[in-house]
Amino acid sequence: MSKPRANEIDLLRFLAALAVVVFHYAFRGHAARASTMPYPLLEDVAKYGCYGVELFFLISGFVILMSAHSGNLRHFIISRVVRLYPAFWVCCSLTALTLFLFAPRPPTLVQYVANMTMLSGFGFMQKIAPVAHIDGSYWSLVVEIRFYALVAILLLLRRMRQVESFLAGWLATVVLYELAQVDHLRDVLIVDYASYFIAGAMMYQVWRHGLSRLRVGVIAGSWGLSLYETWIHVSKLEAASHTAIDRGIVLTLITAFFVAMFLVAVKKTGWIGRRNWMMYGALTYPLYLVHEAIGFVIFNHLYPGVNPHVLLWGTVVVMITVAHAINVHIENPVAHVLKAQLNRWWDRAGALHIPVADPLDDSSELHSQRGPKG
């Protein structure tokens, strides 16, 4: 008998990734002069695709708390390492090789090695090896890892039972930081994006335990803070992209993300949740990692010789195909081997072995707990 899944999360992930791909291909690449191919047909819409990353962060809050709710630090660390690194190593290597062969300024060996740690964007790594990301999309991994670290600290201190108090306190602290315009520990608290992680995590609590005043209050407060952060950052995006951004559209998008995730949390997604979107969810991570720099190289070498419509959408199809191949032929097999090896290392370090769920399935904890969908 099959067990229930949060299939809606898989669909939302894929849509967020596709939005980011279209943003880079149809707008950002040419606007930032990384790509020689303009795509005026979609650029007025595509420029809003960058907010797919905010949806990623909202989803991450949900699934990471789901992964950590058992209170097992070992499970959490191993599942995160196995989930993140195999696909990243492959995508980073493919990107580095492509840039080495075709880019006018290829990455150096030091840059490649530093990027392969997935820690090159952190301050301490910049002191050791001050290098840029090989692919611009890697910036969001730095934000994600900071969130993982906060959750790991809660697990280490065995305070997952107080997670709702932590989330409420984190939200209050970020609001105070913004009111006081304090810069100290801003990165540690993930001030710019904390509201999405907090809201997503609290939505998981709603999904698991139901509504309460605290949960609804924190979600509403996070939504308000997200709108504020979005509003103040629009001008930076306009300056960087040399384009006008409609704030009404942006605020509507952010609100739509919150509404969609809240409907998932209260199990009111109906037929959408009953469909199996797992394959699309599996494509999301490798697609996000592999598409940007390699796509720009393709555009720069084939445009204007190839019709821009064929080139753009053909490249999207190629990147989705590559992502699927990475997931099926590399990510899944390597993940199982890596999980087994990490468990052996943990055992040798003296830790008690506790079987962990499939690290490639962030929704595995849903199987034993989710009730019928609305």
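Figured I'd write up the structure that's included with this text. On a predicted model such as this, the values are computed, not experimentally measured, just so you know.

1. Some remarks on the overall build of the protein
(1) Moving on: Looking only at helices and strands, the protein has 15 helices and zero strands in total.
(2) Moving on: Computed over the C-alpha atoms, the radius of gyration of the protein is 21 Å, within 12% of the 21 Å expected from 2.2 N^0.38 for a compact globule of 374 residues.
(3) Moving on: Each principal axis of the C-alpha atoms in the protein carries an extent, and together these give about 60 × 50 × 50 Å.
(4) Moving on: By residue count, 51% of the 374 residues in the protein fall in the buried class.
(5) Moving on: A fraction of 77% describes how many contacts in the protein between residues 6 or more apart in sequence connect residues 24 or more apart.
(6) Moving on: With 30 positive and 22 negative side-chain charges, the protein shows a separation of 8 Å between the mean positions of the two kinds.

2. As for the pattern of salt bridges
(1) Moving on: One pass over the structure, following the stated rule, counts eight salt bridges.
(2) Moving on: The partner of R74 in a salt bridge is D347, with the nearest N and O atoms 3.2 Å apart. Of this pair, R74 sits in helix α4 (residues 73-102) while D347 sits in helix α15 (residues 308-348), placing them 273 residues apart in sequence.
(3) Moving on: Since its relative accessible area comes to 3%, R74 is described here as buried.
(4) Moving on: With its nearest N and O atoms 3.3 Å apart, the salt bridge here joins D192 to R186.
(5) Moving on: For D192, a relative accessible area of 26% translates into the label partly exposed.
(6) Moving on: Taken together, the shared-partner salt bridges connect E178, R186 and D192 into one network.

3. Focus: the nonpolar core
(1) Moving on: Of all hydrophobic cores here, the largest spans 110 residues; its most connected members are F62 and W170.
(2) Moving on: Here F62 is in contact with I9, G200, A201, M203, Y204, W207 and M261, once residues within four sequence places are set aside.

4. Re the packing of α4 against helix α5 (residues 109-116)
(1) Moving on: It is at 10 Å that the axes of α4 and α5 come closest, and there the two elements cross at 160°. The orientation of α4 relative to α5 falls into the category roughly antiparallel. Here α4 and α5 pass one another in a crossing that is right-handed. Contact with α4, carried on its side by Y85, F88, W89, C92, S93 and A96, involves Y112, N115 and M116 of α5 and no other residues of that element.

5. Examining the side chain of S241
(1) Moving on: Structurally, the position occupied by S241 is in helix α10 (residues 213-241).
(2) Moving on: Overall, S241 belongs to the buried group, its relative accessible area being 3%.

6. Some points on the packing of aromatic side chains
(1) Moving on: Scanning the entire structure with this criterion turns up 20 aromatic pairs.
(2) Moving on: Chaining the aromatic ring pairs together yields one cluster made of F57, W139, F147, F166, W170, Y193 and F197.
(3) Moving on: Stacked on the ring of Y148, the Lys or Arg R80 has its end atom at 5.7 Å from the ring centre.
(4) Moving on: Positioned above the aromatic ring of W231, the side-chain terminus of R247 is 5.3 Å from the ring centre.

7. Focus: the environment of V20
(1) Moving on: By the element assignment, V20 lies in helix α1 (residues 7-31).
(2) Moving on: Sequence spacing of V20 and A149 is 129 residues, and the spatial spacing of their C-alpha atoms is 25 Å.
(3) Moving on: When near neighbours in sequence (up to four residues on either side) are disregarded, V20 contacts G49, G52, V53, F56, Y288 and H291.

What counts, and where the lines are drawn
Residues numbered from 1 in each chain as written. Predicted model: local features only at pLDDT ≥ 70, side-chain atom pairs only at ≥ 80, totals over all residues. Heavy atoms only, no water. Helix = DSSP H or I, 4+ residues; strand = E, 2+ residues; numbered from the N terminus. Rg over C-alpha atoms; globule rule 2.2 N^0.38 Å. Buried < 20%, exposed > 50% of the residue type's maximum accessible area, 1.4 Å probe, protein only. Contact = heavy atoms within 4.5 Å. Lys, Arg positive; Asp, Glu negative; His and termini not counted. Charge placed at Lys NZ, Arg CZ, Asp CG, Glu CD. Salt bridge = Lys/Arg side-chain N within 4 Å of Asp/Glu carboxyl O. Core = buried A, V, L, I, M, F, W, Y, C linked by side-chain atoms within 4.5 Å. Axes fitted to C-alpha atoms, helices over the stretch in contact; angles between N-to-C directions. Parallel < 35°, antiparallel > 145°, perpendicular 65-115°, else oblique. Left-handed = near helix turned anticlockwise from the far one by under 90°. Phe/Tyr/Trp six-rings, centres within 6.5 Å; stacked < 30°, edge-to-face > 60°. Lys NZ or Arg CZ within 6 Å of the ring centre and 35° of its normal.

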